[in-house]
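Architecture at a glance
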Amino acid sequence: MAITDWSLNWFDRRSSFIEECNAARNALIDDLADGAATQQRVLDDIYRICGPSQSWQQSGYSDAIRRGATFREIVPIRTYADFEPLIDSEVHTKGGVLSTSPVRRWLKTSGTTGKPKRIPYTDHWMTAYRVPAMKAMWGTFLLNCPELLAHPYATFDTQTVREVPGDHIFGVPYQGISNRNPPLGASDWTPPWYEAPWYIPSLPSDHLTKMYYRLRWLVTKDVRFLTAINPSTILSILDSLKLFASVLVKEIADGSVAGINMVAPDPEAARRLEKILGRSTYSLNDVWPNLIHYSTWASAAARLYDAQMLHALPCAKRLPFMSCGTEGVVTIPLDGSQLGQPLAVDQAWFEFIPAEDEPNEYLSGRRRTDTLLYDELDVGKEYHVIMSQLNGLTRLYTGDIFSVEKIEAGVPHIYFTRRHGVYHSFTGEKLTEAEVVSAIERGLAQFGAPLGLFLCGARWGSPPGYSIAIELHLPRKLDVTEIATAIDLHLQHISIEYASKRESGRLDGIQVALIQHQAIAKYVESKRNPGNTTQYKYKPFHKDTSFLDELVRDNNIIQGEMHGVSVT
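Quick caveat: nothing in here was measured; it's all calculated off a predicted structure. (Residues numbered from 1 in each chain as written. Predicted model: local features only at pLDDT ≥ 70, side-chain atom pairs only at ≥ 80, totals over all residues. Heavy atoms only, no water.)

1. Remarks on the overall build of the protein chain
Within the protein chain one finds 17 helices and 25 strands. For 568 residues, the compact-globule estimate of 2.2 N^0.38 gives 24 Å, and the protein chain sits close to it at 25 Å. Over its C-alpha atoms, taken along the principal directions, the protein chain stretches across nearly 70 × 70 × 45 Å. Considering the protein chain as a whole, with its 568 residues, one finds that 55% of them fall into the buried category. In the protein chain, the share of contacts with a sequence separation of at least 24, taken over all contacts with a separation of at least 6, comes to 67%. On the protein chain, roughly 23,500 Å² of surface is accessible, and the fraction owed to carbon and sulfur atoms is 51%. In the protein chain, the 57 positive side-chain charges and the 65 negative ones have mean positions that sit 1 Å from each other. (Helix = DSSP H or I, 4+ residues; strand = E, 2+ residues; numbered from the N terminus. Rg over C-alpha atoms; globule rule 2.2 N^0.38 Å. Buried < 20%, exposed > 50% of the residue type's maximum accessible area, 1.4 Å probe, protein only. Contact = heavy atoms within 4.5 Å. Areas by Shrake-Rupley, 256 points an atom, 1.4 Å probe, with all protein chains shown as cover. Lys, Arg positive; Asp, Glu negative; His and termini not counted. Charge placed at Lys NZ, Arg CZ, Asp CG, Glu CD.)

2. Quick word on the environment of P463
Mapped onto the elements, P463 comes out in the loop between β20 (454-459) and β21 (465-471). Residue classification places P463 among the partly exposed residues on the basis of a relative accessible area of 27%. For the pair formed by P463 and I46, sequence separation is 417 residues and the distance between their alpha carbons is 43 Å. When near neighbours in sequence (up to four residues on either side) are disregarded, P463 contacts G505, R506, L507 and D508.

3. Thoughts on the pattern of salt bridges
Working definition: two side chains of opposite charge can pair if their charged atoms are close together. What the rule picks out here adds up to 22 salt bridges. In this structure, R41 engages D31 in a salt bridge whose closest nitrogen and oxygen atoms are separated by 3.0 Å. Of this pair, R41 sits in helix α2 (residues 35-50) while D31 sits in helix α1 (residues 3-33), and the two are 10 residues apart along the sequence. The partner of R279 in a salt bridge is D286, with the nearest N and O atoms 3.6 Å apart. The partly exposed category is assigned to R279, whose relative accessible area is 41%. (Salt bridge = Lys/Arg side-chain N within 4 Å of Asp/Glu carboxyl O.)

4. Some points on the confidence of the model for the protein chain
Considering every residue of the protein chain, the mean pLDDT works out to 87; 91% of them sit at 70 or more. Note that residues 529-536 has pLDDT below 50 and, in this model, four contacts with residues that lie over four places away or in other chains. (pLDDT = per-residue confidence, 0-100.)

5. So, the pairing of strand β5 (residues 172-175)
Neither face of β5 is left uncovered, since the one carrying V172 and Y174 and the one carrying P173 and Q175 both have all their residues buried. Where strand β4 (residues 167-169) lies against β5, three bridges are found, and the strand directions are antiparallel. In the strand pairing of β5, I169 is matched with V172. Linkage of β4 to β5, two consecutive antiparallel strands, is achieved through a turn of two residues, within which F170 is found at a positive phi near 50°. (Pairing = 2+ DSSP bridges.)

6. Quick notes on helix α13 (residues 433-445)
An α-helical segment advances 3.6 residues per turn. Residues three or four places apart therefore align on the same side. With 13 residues, α13 should cover 18 Å at 1.5 Å per step; its first-to-last C-alpha distance of 18 Å lies within 8% of that length. Considered for burial, the residues of α13 that qualify are E435, V436, S438, A439, I440, G443 and L444. Packing partners of the buried residues in α13 comprise β18 (422-424), β19 (431-432), β20, β21, α14 (480-494) and β23 (541-542). (Expected span 1.5 Å × (residues − 1).)

7. Observations regarding empty space enclosed by the protein
Inspection of the entire model under this criterion finds one cavity of 30 Å³ or more. There is about 80 Å³ of room inside the largest cavity. Here the residues of the lining of the largest cavity are counted per class, giving six nonpolar, two polar and four charged. (1 Å grid on protein atoms, 1.4 Å probe; cavity = no way out; pocket = protein on both sides within 12 Å on 5 of 7 lines; lining within 4 Å. Points joined across faces, edges and corners; volume = space filled by probe spheres on them. Nonpolar A, V, L, I, M, F, W, Y, C, P; charged D, E, K, R; others polar.)

8. Regarding the sheet that holds β4
Pairing is mixed across the open sheet formed by four strands, whose spatial order is β2-β1-β5-β4. Where the open sheet ends on each side, the last strands, each with one partner, are β2 (117-122) and β4. If you compare each strand with its neighbour and ignore which way they point, the axes differ by 35° on average. Here strand β1 (residues 103-109) pairs with β2 via six bridges, running antiparallel. By the bridge assignment for β2, K108 is matched with R118. The strands touched by helix α5 (residues 80-93) are β1, β2 and β4; relative to β2, the strand with the most contacts, the crossing angle is about 60°. Where helix α6 (residues 123-144) meets the sheet, it contacts β1 and β2, and its direction lies at approximately 85° from that of β2. (Axes fitted to C-alpha atoms, helices over the stretch in contact; angles between N-to-C directions.)

9. Here we look at the packing of aromatic side chains
Tallying each qualifying case throughout the model produces 27 aromatic pairs. When the ring of W138 is compared with that of F225, the centres are 5.7 Å apart and the planes differ by 75°; the resulting orientation is edge-to-face. With W138 in helix α6 and F225 in strand β6 (residues 225-227), this residue pair connects regions lying 87 residues apart in the sequence. Its relative accessible area of 0% is what places F225 among the buried residues. The rings of F17, W138, F141, W189, W193 and F225 are connected pair by pair, giving a single aromatic cluster. (Phe/Tyr/Trp six-rings, centres within 6.5 Å; stacked < 30°, edge-to-face > 60°.)

The following block contains the structure:
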């Protein structure tokens, strides 16, 4: 599509996009006003769409399942792994196993095991739930920042992409939830910039090249709104500006894009940009002074980026992105609150279990009936989320834990705090303790070393990463850089989400320090609380690297370069 054509398409789509987003947001507000009726409507829809399916017919579910109490008595709580045999059957029979709605895409995600999941993206789920959720969120964005549609270049959108699907399952595209290509009809997500030259699927899909094209088309424009799912993506825009500074200045001056003359030369804009990018420090507001709002996740982990975001966008306000995963939407923002947002009662049938309860008590096919419904939660408490989605994944245990900030009109306003069993997640990599342990064990095994005591900490920086202090006792001296590289490569192999963030430069590599024998044991002992000695446990995973201060202070580092100390 020619440049002028996509602009015409933008103007044609603008009014209908505003109407659809406002209508979806208003519908959500109406649904929140009567949460009980909305939840019953969702349960009725589950029965209507899933009731005639093969799995429901074989399970003997009856009309009684339309009542929430009976639903909980008959249908077991399951993990994704429990659904895999049914998903295998759904793939081979071309549908009808989990629901009666056809699967239009298989959504790919790594989950927490490193093995990509296959989440059925059905026609009904997309049309009646997932796309309306996106529109409702953008209705909130438009309410707070109508300037995002001031002109065709006003919105810098990195939250969704258009890429040619690289994988298929029996002919059905297998792709990430953020990939909105190819469009699945008029009801699919198609914002006004859908045909913009920095958004089209013919562009290379690697992170840096994609970022170059976005910047080339937008860096001299009057951007008003920037949206990303992870704060790290916005920080990577600053890094990309530094990386592509000379190329951008040259191409803006001569009117080329990736070396091809495509637009009018603009030497004056090039000089302005060169002056900004030539400074020792600059913010995105120096580049785009009218960028007054941006959007990212506002989860507990995302808020740890606040100081860096203030540096990157000192003049812009954050609007929260919805709490969601590939498996479904949990909250949709209605305002700029940086904590809880209302539970999306129109998106799924929700149940909750106190976070202090162990998941094994209600998994493995047990039909636990004492789960809490949306209107039975307490402010300030954390809960596991169980949700029944219209794609046929009913009573799905997600592993996500949410905290309740407040309750309004009977609906809890909640926010994501952590995943059960997950060690840390800077940029959505969601590493589990088991994954990190496995990577360390495999990395050390390469050098003939057994796994012993270690301390692993989340290392904040730009980009952030992970630091590991390891007690190691071998007759020969090892190269600590080689050990760090080996562990890093194993972790990338184990977790495709970690590999993706490393490839895109949003995470730095593993850093390792080899420390004195018994240094960790002494460190652990020093933390033992005299009033609670029997309960104190060795905790190898830490949310920061403060433990290194003490190890450095006591001269325990044998070899390593980390935390401002280099020992060889």
